[in-house]
Amino acid sequence: MPVPWFLLSLALGRSPGVVSLERLVGSQDTARCSPGLSCHLWGEDVLCLPGSLVRAPGPALVPTHLQTELVLRCRRQETDCDLCVRVAVRLAVRGHWLESEDEEESGRALGMELGESENAPLQAQVVLSFQSYPTTRCVLLEVQVPAALAQPGQSVGSAVFDCFEAALGAEVRIWSYTQPRFQKELNLTQQLPDCRGLQVRDSIQKCRALPWLNVSADGDDVRLVLDVSEEQRFSLLLYWNQAQGASKPRWHSNLTGPQNITLSHTDLVPCLCIQVWPLEPDSVRTSFCPFRKDPRAHRNLWRTARLSLLPLRNWKLEAPCSLQAEVVLCWQAPGGGPCQPLAPPMLRENVTMNKILKFPLLKEHPNLCVQVSNWEKLQIQECPWADSLGPLKNDVLLVETRGPQDNRSLCALEPHGCTPLPSRVSTRAARLGEQLLQDLHSGQCVQLWDGDDLGALWTCPLDKYIHRRWALVWLACLLLAAVLFVFLFLKKDRVKAAPTRGRAVLLLHSADGAGFERAVGALASALGRLPLRVAVDLWSRQELSAQGPLAWVHGQRRQTLQEGGVVVLLFSPGAAALCREWLQGGAAAPGNHDPHDAFPASLNCVLPDFLQGRAPGCYVVACFDGLLPPDAVPAPFRAVPVYSLPSQMPDFLRCLQGRRASRPGRLLADRAEQVSRALQPALDSCFLSPGAPGPVTGPE
């Protein structure tokens, strides 16, 4: 009995032998019609030329619906068969006879005298076009319906064609139209099942040689069992079936005989698919994806998903598979607490995986973070600018709302909500409301986003107000000794972002591109979370522009050394080349370097210390693994310890902390591991960046 297509769709992905197909014996194409109609199939295929639309001279017989069924076309033996597509086209009468003179003309157009046209049977030449790479066929069916059944607007029956041969697992496209063509052609696209979805292993030779694959549990892992003969050679492919692009292969191997392959549960993702085929010419490939609903696979997918920051405020959410996710910007205040979502500038909407998108911002800020949610569950939260712009700042975010007739209102975002300005409520932003509005109007606040009619986002610093308040409290505490102790306790508890302990560290580097600067920023941020006070030009661009590179480096170096700190020279290929140029031919021309690059200016300050033997104990040299080997550092600078990071991170941290270094043990190892883990993603991104400096293998 024929199997309708919707039943075949239920069989896809199941074990072999789930659906039985009707068998047709012989290679001759045939056509038949439902009762009341007569059909004739032309013996030869016709050209696939639909032609232009024309107006029907009267009622016309046209196709209205296409339906497909799968059958087997067998030769003399029932074990030598091919998959074949049976096509049924439903027909109906469309249009009416024209009146008066037009009726006479239409009758002559159909080859009938006036008065005979309404009683004559309707005829139609119906074309069925079939495409399945690399095959294209068009057949012609002549269908005739008696005048008694030819009622306009009524279905008159169906014509069935047996059949179009197709390959297992192929995509087929079918069109149907009449000649001449009175309406737009019907079309249908279907994906044929493979050997696993049909009971054809004993009927189709290619399926008999196919390796059958079963998936079973092996504890927490998954076992693939391939049932093949000992001598049979076959190929096995594991790949990610990504909806937004081509499939991404993960593992491929040619094997022989029965195999048991174990997959770790950590490698499972919903789009992990398996394809297997015998190593024979024109062999059939069978693919299936058994982990689409596996909870472990979905958990692994979110563990591997990550947010990548790209140049020009572009970003991308990378994941092995397509997944449903919503992305929104949020504001993270220092001191903990939840990250507060910002509806503008990014509305909460679905995001496409592995697609480059753009942040609609005018300026970046370290407190701006990104939240990725799935079914209202937070999966990822990252602050992408914290490494390059430094730690979270004690700033307040002002939300400007714009209404009709240039009506504007402002509120300050706080943990409990958005406080209108000005306001009499007892909150920090409300107490500073007038000062914040004055800062905004005087241009001391920075605009992060401008949404025209929607509003804007502004960020204003609060450090000066905090310092002013502490000054008043200090004057009051001078009157009472007991209040002084309370004040010191409160100051230690509240001012968290300004640590006073730890050795001062000045980090000097060359501007070798955005990727290298992200690695430098990541290293500085990680060191700043230790008992170290880190200074780097990336966090002081405004001071650097105002003072000039030479004055800034000289002042920072003098302050660091006076406080007993250490100066770290972070060498890159560009820095090494600049030093060699400096040592061989004198200072390079200023125009050859970035005006914000402090490293050329630093050579004026630090090189005399090295040449006169004052560097040991005050300076440390470092470079990144794989980017510059230690022996490529110019010889004068190797008078002090040289460390390659992150491989020598424990020794590097011990040297930075000096006398204050903790005893060798678990604490130092944990800190070294934390800094290395924070540095590695930025270092990997540095190697992948188009403008990243190339690695150097040794001194010239």
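Residues numbered from 1 in each chain as written. Predicted model: local features only at pLDDT ≥ 70, side-chain atom pairs only at ≥ 80, totals over all residues. Heavy atoms only, no water.

Chemist: In this structure, what is going on with the overall build of the protein chain? I would like to understand it.
Modeler: Looking only at helices and strands, the protein chain features 16 helices and 36 strands. Residue burial in the protein chain is summarised as follows: out of 700 residues, 45% are buried. Residue pairs in contact within the protein chain that sit at least 24 positions apart in sequence constitute 66% of those at least 6 positions apart. In the structure as shown, the protein chain presents an accessible area of about 36,900 Å², 51% of it carried by carbon and sulfur atoms. (Helix = DSSP H or I, 4+ residues; strand = E, 2+ residues; numbered from the N terminus. Buried < 20%, exposed > 50% of the residue type's maximum accessible area, 1.4 Å probe, protein only. Contact = heavy atoms within 4.5 Å. Areas by Shrake-Rupley, 256 points an atom, 1.4 Å probe, with all protein chains shown as cover.)

Chemist: Please explain the sheet that holds strand β19 (residues 306-310) as it appears in this structure.
Modeler: Hydrogen bonds between backbone groups are what pair the strands of a sheet, and the pairing can be parallel or antiparallel. In space, the 3 strands of this open sheet follow the order β19-β20-β24, with antiparallel pairing throughout. The two strands at the open ends of the sheet, each matched to only one other strand, are β19 and β24 (357-358). Here 5 bridges tie β19 to strand β20 (residues 314-318), and the two strands are oriented antiparallel to one another. Within the sheet, the bridge partner assigned to Ser-308 lies in β20 and is Lys-316. (Pairing = 2+ DSSP bridges.)

Chemist: Can you help me understand the confidence of the model for the protein chain in this one?
Modeler: The predicted coordinates should not be examined in detail at positions where pLDDT is low. On average, residues of the protein chain score 81 in pLDDT, and 83% of them are at 70 or above. Every residue in residues 1-18 scores below 50 in pLDDT, and together they form 37 contacts with partners more than four places removed in sequence or on other chains. (pLDDT = per-residue confidence, 0-100.)

Chemist: I keep staring at the pattern of salt bridges and nothing clicks. Help me out?
Modeler: When charged atoms on two side chains of opposite charge get close, those side chains can pair. One pass over the structure, following the stated rule, counts 23 salt bridges. The partner of Arg-86 in a salt bridge is Asp-162, and the shortest N-O contact between them spans 2.5 Å. Taken as a pair, Arg-86 in strand β6 (residues 81-94) and Asp-162 in strand β9 (residues 155-165) lie far apart in primary sequence, 76 residues in all. The buried category is assigned to Arg-86, whose relative accessible area is 4%. Take Asp-162: its relative accessible area is 4%, and that puts it in the buried class. Between Glu-563 and Arg-533 there is a salt bridge, with the nearest N and O atoms lying 3.2 Å from each other. Of this pair, Glu-563 sits in the loop between α12 (549-562) and β34 (566-571) while Arg-533 sits in strand β33 (residues 532-536); the two residues are 30 residues apart in sequence, bridging distant segments of the chain. Residue classification places Glu-563 among the partly exposed positions, given a relative accessible area of 36%. Through salt bridges with shared partners, a single network forms among Glu-22, Arg-32, Glu-69, Arg-86 and Asp-162. (Salt bridge = Lys/Arg side-chain N within 4 Å of Asp/Glu carboxyl O.)

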